[in-house]
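Spelled out, the chains give:
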Amino acid sequence: MSPAYTPFPSSSSVDADENEWWLRREISLIQNLLEDEGELTRKEIGDRLGCKYWGPMRFRHALKEGVSRGAFRRSGSRYAPMNMTKQSQRKRIKKGANTSKENSRKKPSEKRKQK
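Predicted, not measured: the structure shown is a model, and the values here were computed from it. (Residues numbered from 1 in each chain as written. Predicted model: local features only at pLDDT ≥ 70, side-chain atom pairs only at ≥ 80, totals over all residues. Heavy atoms only, no water.)

**Here's the deal with the confidence of the model for the chain**
Here is step 1: In this model, the chain carries an average pLDDT of 78, and 60% of its residues clear a pLDDT of 70 or more.
Here is step 2: Below pLDDT 50 for its whole length, residues 97–104 participates in zero contacts with residues either more than four positions away or in separate chains. (pLDDT = per-residue confidence, 0-100. Contact = heavy atoms within 4.5 Å.)

Here's what the structure looks like:
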């Protein structure tokens, strides 16, 4: 055995460049999701992006790096966009408004069934 032996595959600058490219892509996916949907838990983000297929520890690393690079922030046990754009704010307001209207309105036939 040589003194430089390691049981792990060696890495090169090409590997580092490729890993950085993938990391930026993963951070961007998380950032875009948070800007569209607002605050989400780690599990919700993972489920929506299919992070279980990214590889070992990649999702955790992307969340940690995204926060440290300022792409998004951690808000308690949830993650949130750093600053929401006007367009994404409008989308969230419309989604919320539609949901509350639908919940408050009931068809006359539904009201009769409840009595």
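**Quick notes on unusual backbone geometry**
Here is step 1: Positive phi values are uncommon outside glycine, yet M57 reaches one of about 70°.
Here is step 2: The residue M57 is located in the loop between α2 (42–49) and α3 (58–69) in this model.
Here is step 3: Relative accessible area serves as the criterion here: at 52%, M57 is assigned to the exposed category. (Helix = DSSP H or I, 4+ residues; strand = E, 2+ residues; numbered from the N terminus. Buried < 20%, exposed > 50% of the residue type's maximum accessible area, 1.4 Å probe, protein only.)

**Section: the packing of α2 against α3**
Here is step 1: For the pair α2 and α3, interaxial distance at closest approach is 12 Å and the crossing angle is 120°. The orientation of α2 with respect to α3, classified from their angle, is oblique. Between α2 and α3 lies a crossing of right-handed hand. Contact with α2, carried on its side by R42, I45 and G46, involves F59, R60 and L63 of α3 and no other residues of that element.
Here is step 2: Of the residues contributing to the contact of α2 with α3, the split by class is three nonpolar, one polar and two charged. (Axes fitted to C-alpha atoms, helices over the stretch in contact; angles between N-to-C directions. Parallel < 35°, antiparallel > 145°, perpendicular 65-115°, else oblique. Left-handed = near helix turned anticlockwise from the far one by under 90°. Nonpolar A, V, L, I, M, F, W, Y, C, P; charged D, E, K, R; others polar.)

**Quick look at the pairing of strand β3 (residues 78–81)**
Here is step 1: For strand β1 (residues 40–41) and β3, the ladder comprises two bridges, and the chain directions are antiparallel. When the bridges of β3 are listed, L40 appears paired with Y79.
Here is step 2: Judged from the four bridges that link them, strand β2 (residues 72–75) and β3 form a sheet pairing that is antiparallel. Paired with S75 across the strands is R78, a residue of β3. (Pairing = 2+ DSSP bridges.)

**Brief notes about the packing of aromatic side chains**
Here is step 1: Enumeration according to the criterion identifies three aromatic pairs in this entry.
Here is step 2: Ring geometry for W21 against W22: centres 4.8 Å apart, planes inclined by 90°, an arrangement best described as edge-to-face. (Phe/Tyr/Trp six-rings, centres within 6.5 Å; stacked < 30°, edge-to-face > 60°.)

**A few points about the pattern of salt bridges**
Here is step 1: For the structure on display, the rule yields seven salt bridges.
Here is step 2: Of the charged contacts, one joins E20 and R24 as a salt bridge, the two residues approaching to 3.8 Å between their closest N and O atoms. Residue E20 and its partner R24 are located together in helix α1 (residues 13–37), separated by four residues, close to a single helical turn.
Here is step 3: Among the residues examined, E20 registers a relative accessible area of 28% and is labelled partly exposed.
Here is step 4: Between K43 and D47 there is a salt bridge, with the nearest N and O atoms lying 2.9 Å from each other. Placement of both K43 and D47 in helix α2 is noted, with a separation of four residues, approximately one turn of the helix. Accessibility classification places K43 together with D47 in one group, the exposed group. (Salt bridge = Lys/Arg side-chain N within 4 Å of Asp/Glu carboxyl O.)

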